[in-house]
Every structure is written in structure tokens, then in C-alpha cells.
Amino acid sequence: MAEPKTQPTDASVEAFLDAAQPARRVEEGHRLDRIMREETGAEPVLWGPSMVGYGSYHYVSPSRTSRTEGEWPKVAFSPRKGALSLYGLKDLPAGAALLPELGAYTEGAGCVYVKRLELVDEGVLRRLIRIAWSRDDDGRADG
């Protein structure tokens, strides 16, 4: 079984966020970190070179061609140049149902892209983070 490439590291989340480009992403990254800390109660960990994650769960991919399993953050983000990439917000049915209320965003296969944090509804974002955080240790909706 393949090991996932993205693993937790001991690198400084603060230093990573301070180095984000463009300069607007530094402020947005720190603001998003504060929101995620408040909603999860967890300390962030840098996963790989560019993903700030909170908590973790064990997953097994559904792929029939390359079965992988491992640990993955319950919720995470990356302050990329073109957009903030948000992970875990649409994985569970409740999150997918709430996502259209977020505001200005686009979707990728496993993430949500936000060009400017100010263009999303912070209350909805916080609810999406809480939903993602609620998954159990096997990645399912808790309860």
C-alpha cells in the first residue's frame, strides 16, 4: 500500500505563514490560523512544505487503482499565491450541503479555493471548520 507524500513536520507554522506571498496572504494566513485554532482548539502542524493542518484522522482512499491510507489533517489550509486552499470543508455531507453559503469560492477535487478571505462569510466558514473537525478518527462524521 502506498504511503501518502504529505506528512506532518516539525517546521514552524509561524515562519511559514510569515513567508507567504503576496503580502496579503501573510495577514490572511494568520487570520485563518486564529479562526481554525478557535474552532478546533488544536495547535497547527505544518504538513509537508505548505499545508497548515489541525488534528488528524486515519483515511483509506477509495481508489481501486492505487490504494493508499494514512493520517491526514481533519481541516487544513495553505496560503498559496493565487488563492487560499482550504482542505476538509466539503468532505462530509453536512459540509458539502453548507458550502454554497460560504460566499466567493471555487472548488477543486479535494479543496475549496478562496481568492480573498474577506469575500467569504466568516460565520459559515467557522461552521464548516466545526463540521470538518467533528469527524471521528476514521474520517467519518462523528455521532
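Quick caveat: nothing in here was measured; it's all calculated off a predicted structure.

When you look at the pairing of strand β3 (residues 57-60) in this model, what are you seeing that I'm missing?
The side chains of a regular strand alternate between both faces of the sheet. Residue alternation in β3 divides its side chains into a buried set, Y57 and Y59, and an unburied set, H58 and V60. Where β3 meets strand β4 (residues 69-72), four bridges bridge the pair, whose relative direction is antiparallel. Considered in β4, the bridge of Y59 is made with G70.

Please explain the packing of aromatic side chains as it appears in this structure.
In this description, an aromatic ring pair is defined by two values, namely the gap between the centres and the angle between the planes. Within this structure, the stated rule accounts for two aromatic pairs. Residues Y59 and W72 carry aromatic rings whose centres are separated by 6.4 Å and whose planes lie at 80 degrees to one another, so their mutual orientation is edge-to-face. Here the residue Y59 occupies a position in strand β3, and W72 occupies one in strand β4, the gap between them amounting to 13 residues. By relative accessible area, which is 17% here, Y59 ends up buried. On the basis of relative accessible area, W72 is assigned to the partly exposed category, the value being 22%. These aromatic residues form a ring-pair network of at least three members: W47, Y59 and W72. The ring of W133 is capped by K74, whose NZ or CZ atom sits 4.9 Å from the centre of that ring. A cation over a ring is seen here: R135 above Y57, with NZ or CZ 4.7 Å from the ring centre.

Each value, and the rule that gives it
All residue numbers refer to position in the chain's written sequence, counted from 1. This being a predicted model, a pLDDT of at least 70 is required before a residue's local features are given, and a value of 80 or more before pairs of side-chain atoms are given or counted; all residues contribute to the totals for chains, interfaces and linings. The side-chain quantities take in all heavy atoms of the structure and omit both hydrogens and water. Note on classification: 1.4 Å probe, protein chains only; a residue is buried when its accessible area is under 20% of the maximum for its type, exposed when over 50%, partly exposed between these limits. Put simply, DSSP marks the helices as runs of H or I at least four residues long and the strands as runs of E at least two long, and each gets a number from the N terminus on. Two strands pair under a simple rule: DSSP has to find at least two bridges between them. For Phe, Tyr and Trp, where Trp contributes only its six-membered ring, two rings pair if their centres lie within 6.5 Å, and the inter-plane angle classes them as stacked under 30 degrees, edge-to-face over 60, or tilted in between. A ring is considered to have a charge above it if a Lys NZ or an Arg CZ atom is located within 6 Å of its centre and within 35 degrees of its normal.

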